[in-house]
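Structural description and commentary
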Amino acid sequence: MEIFMKNKKSISLLWLATLLISACGSSSAELTVQDAWARPAINGNNGAAYFIIENDTSSEDTLLSVTSDIASAVEVHMSMMDGNGVMSMQMQEAVTVPSGKTLEFKPGGLHVMLIRLNQDLKIGDTISLTLIFEKTGSRTIVVTVKEE
């Protein structure tokens, strides 16, 4: 009976240790925003910001809006070229971020327009943007002003 109790205790401790190790080792999947940057721009003019959204969660999410006190208005736009080679921008009401995918905001594609800046954006400055997602909620990011 004593051997049985020792084995049962050892098995229980082994099971508990395995459970604790797997809990510590597992990383929760999340939506992250990285590599945020903005172009230099002058007070009163428009600026643009770019970043990468990585959705490592098991479900898609939707970027509903972006806010900042750096400009009178902040909008998400998509740049596109028509058949004649003419570039245009279209405001996006929302942007879907698929599960397990990366979405890049970059020059010539999706980007955040900073309309009527309240101050100059000089190389080395940082600004804050708050991204509002349908499921993830608000994420405030720091954006560094730099040349492309």
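This text goes with the structure placed above it.
Residues numbered from 1 in each chain as written. Predicted model: local features only at pLDDT ≥ 70, side-chain atom pairs only at ≥ 80, totals over all residues. Heavy atoms only, no water.

A few words now on the overall build of the chain. Looking only at helices and strands, the chain features one helix and ten strands. Counting helices and strands in the order they occur from the N terminus, the chain gives α-β-β-β-β-β-β-β-β-β-β. Within the chain, the fraction of its 148 residues that count as buried is 31%. Across the chain, contacts joining residues at least 24 apart in sequence account for 67% of those joining residues at least 6 apart. With the model as given, the accessible surface of the chain reaches about 9300 Å², and the carbon-plus-sulfur share is 54%. (Helix = DSSP H or I, 4+ residues; strand = E, 2+ residues; numbered from the N terminus. Buried < 20%, exposed > 50% of the residue type's maximum accessible area, 1.4 Å probe, protein only. Contact = heavy atoms within 4.5 Å. Areas by Shrake-Rupley, 256 points an atom, 1.4 Å probe, with all protein chains shown as cover.)

Within the largest apolar cluster, 30 residues are counted, with the highest numbers of intra-cluster contacts made by F51, I53, L114 and L131. Setting aside anything within four residues of it in sequence, one finds I53 in contact with L31, T32, V33, L63, V97, K101, T102, L103, F105, L131 and F133. (Core = buried A, V, L, I, M, F, W, Y, C linked by side-chain atoms within 4.5 Å.)

It is worth spelling out the environment of Q90 at this point. Among the secondary structure elements, Q90 is positioned in strand β5 (residues 87-91). Once the C-alpha coordinates of Q90 and E75 are considered, the two residues, 15 residues apart in sequence, prove to be 10.0 Å apart. Leave out the neighbours within four places in its chain, and Q90 touches V76, H77, M78 and M80.

Pairing geometry for strand β1 (residues 31-38) and strand β10 (residues 137-145), over two bridges, is parallel. Its bridge partner lying in β10, W37 is registered against T144. Hairpin connection from strand β9 (residues 126-133) to β10: three residues lie between these consecutive antiparallel strands. (Pairing = 2+ DSSP bridges.)

So, about the side chain of D61. Along the chain, D61 turns up in strand β3 (residues 61-67). Buried charged residue D61 carries no salt bridge. Nearest counter-charge: K135, at 5.9 Å. Engagement of the side chain of D61 in a polar contact is seen with the side chain of T136, the distance being 2.5 Å. Residue contacts for D61: discarding those within four places in its chain leaves L31, N55, V95, T96, V97, F133, E134, K135 and T136. (Lys, Arg positive; Asp, Glu negative; His and termini not counted. Salt bridge = Lys/Arg side-chain N within 4 Å of Asp/Glu carboxyl O. Polar contact = N/O pair within 3.5 Å; in protein donor to acceptor, adjacent residues only side chain to side chain.)

So, on to the environment of W37. Locating W37 in the fold gives a position in strand β1. Judged by relative accessible area, W37 falls into the buried class, the value being 12%. Spatially, the C-alpha atom of W37 lies 4.9 Å from that of V143, the residues being 106 residues apart in sequence. Once residues lying within four places of it in the same chain are set aside, the contact partners of W37 are A48, A49, Y50, P107, V143, T144, K146, E147 and E148.

We now examine the packing of aromatic side chains. What the rule picks out here adds up to two aromatic pairs. Ring centres of W37 and Y50 lie 4.6 Å apart, and the angle between their planes is 35 degrees; this geometry places the pair in the tilted category. Highlighted residues: W37 in strand β1 and Y50 in strand β2 (residues 47-55), separated in sequence by 13 residues. Assigned by exposure class, W37 and Y50 land together as buried. Geometrically, the ring pair formed by F51 and F105 is stacked, given 4.4 Å between the ring centres and 25 degrees between the ring planes. Of the two residues, F51 is situated in strand β2 and F105 in strand β7 (residues 102-105); the sequence distance between them amounts to 54 residues. (Phe/Tyr/Trp six-rings, centres within 6.5 Å; stacked < 30°, edge-to-face > 60°.)

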